[in-house]
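# Coordinate analysis (summary)
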2 protein chains.
Amino acid sequence: MKLTELKAIKLSELFSALSDASRVRIISLLIEGEMSVSALADGLKMSESAVSHQLRGLRQMHLVRARKSGRQVFYSLDDDHVARLFTLGLDHVQHG
Amino acid sequence: MKLTELKAIKLSELFSALSDASRVRIISLLIEGEMSVSALADGLKMSESAVSHQLRGLRQMHLVRARKSGRQVFYSLDDDHVARLFTLGLDHVQHG
DNA sequence: ATAATATATGAACAGTTGCTCATATATTCA
DNA sequence: TGAATATATGAGCAACTGTTCATATATTAT
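Let me sum up the structure you'll find in this document. If you're wondering where the values come from, they're calculated on a predicted model, not measured in any experiment. (Residues numbered from 1 in each chain as written. Chains lettered and ligands numbered in written order. Predicted model: local features only at pLDDT ≥ 70, side-chain atom pairs only at ≥ 80, totals over all residues. Heavy atoms only, no water.)

### Things to note about the overall build of chain A
In terms of helices and strands, chain A carries five helices and three strands. Each helix and strand of chain A, ordered N terminal to C terminal, gives the series α-α-β-α-α-β-β-α. Based on the C-alpha atoms only, the size of chain A along its principal axes is roughly 50 × 30 × 20 Å. Burial analysis of chain A (96 residues in total) assigns 45% to the buried set. (Helix = DSSP H or I, 4+ residues; strand = E, 2+ residues; numbered from the N terminus. Buried < 20%, exposed > 50% of the residue type's maximum accessible area, 1.4 Å probe, protein only.)

This is how it looks when you write it as structure tokens:
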């Protein structure tokens with residue numbers, strides 16, 4: 001399969017979004033449903049700042065979307081490709 | 001989905017293996033079939049040293065396997081999870 | 001208005017990454 | 001044996017990453 005350099009970069013950027021354990025754990029929680037920044041921070045025992053920084057990256061990659069409600073912001077997965085990549089990868093890690 | 005820290009790390013390591021454009025391009029060529037280091041270097045216009053360094057990482061992640069023949073080493077994808085992750089990701093990049 | 005809460009953001013810093021260059025190892029050929 | 005070829009590896013370095021800390025913005029409550 002011949003890949004243009006641009007597509008190779010885009011593809012690597014997509015995988016980069018999942019290339020950190022903190023982000024993987026964030027995704028793993030969001031698979032259950034939307035969650036606020038502080039709920040994520042609590043659940044992952046990370047600082048809210050660190051979570052917020054990571055969410056920004058995930059947002060920019062269109063892997064998550066934000067919904068603001070009052071002073072909270074609820075994040076959820078942007079589309080099902082994300083969950084499919086996640087579970088396919090998990091498959092490889094667990095068995096393969 | 002509750003992930004242990006260990007699985008989160010393993011999963012992020014898997015995605016890290018695909019988080020660089022050079023490695024993505026290597027995988028894209030290996031999807032066609034096995035290829036020697038120098039053929040990869042030629043096809044990708046990378047130095048053989050750089051390709052070899054990247055192949056080592058991919059080998060350690062069990063994404064590619066090596067077959068030695070004479071003084072050449074032919075690399076191929078280690079299992080089909082790799083190709084599936086690749087094409088699913090490409091899907092997301094092209095449409096989604 | 002002021003204070004409190006939830007999130008976002010910038011700077012800075014340690015750790016990591018991917019390359020180049022030099023060198024080492026392994027295999028083939030003369 | 002010695003030279004040539006194919007690949008691997010280590011050091012070194014510039015670029016990137018993920019966190020913390022301090023601060024900013026936005027919303028709600030008093």
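### Regarding the protein's contact with DNA strand D
Near DNA strand D there are 24 residues, and of these Ser22(A), Arg23(A), Gln54(A), Ser49(B) and Tyr75(B) occur at the shortest range. Taken together, the sugar and phosphate atoms account for 68% of what DNA strand D places within 4 Å of the protein. Separating a base oxygen of DNA strand D from a side-chain N or O atom of His53(A) is a distance of 3.4 Å. One nitrogen or oxygen atom from the side chain of Ser49(B) is found 2.7 Å from a base oxygen belonging to DNA strand D. Among the secondary structure elements, those contributing two or more residues to the surface near DNA strand D are α2 (21–30) and α4 (48–60) of chain A together with α3 (37–44), α4 (48–60) and β3 (72–77) of chain B. Considering every element that reaches the surface near DNA strand D, the biggest residue donor is α4(B), with six residues. A class-by-class count of the residues in the surface near DNA strand D yields four nonpolar, twelve polar and eight charged. (Near = heavy atom within 4 Å. Polar contact = N/O pair within 3.5 Å; in protein donor to acceptor, adjacent residues only side chain to side chain. Nonpolar A, V, L, I, M, F, W, Y, C, P; charged D, E, K, R; others polar.)

### Concerning the interface of chain B and chain A
In this assembly, 39 residues from chain B lie in contact with 39 residues from chain A. Approximately 3,500 Å² of surface area, both sides summed, lies buried where chain B meets chain A, with 72% of it carried by carbon and sulfur atoms. Contact with chain A buries surface across chain B, with Met1(B), Phe15(B) and His92(B) losing the most and accounting together for 21% of the total. One salt bridge in this structure joins Glu5(A) and Arg25(B), with 3.1 Å as the shortest N-O distance. Counting only elements with at least two residues in the side of chain B that touches chain A, the list comes to α1 (5–17), α2 (21–30) and α5 (80–94) of chain B. Among the elements that make up the side of chain B that touches chain A, the one with the highest residue count is α5(B) (twelve residues). Of the residues that constitute the side of chain B that touches chain A, the class distribution is 19 nonpolar, eleven polar and nine charged. (Contact = heavy atoms within 4.5 Å. Buried area = accessible area lost by both parts, 1.4 Å probe. Salt bridge = Lys/Arg side-chain N within 4 Å of Asp/Glu carboxyl O.)

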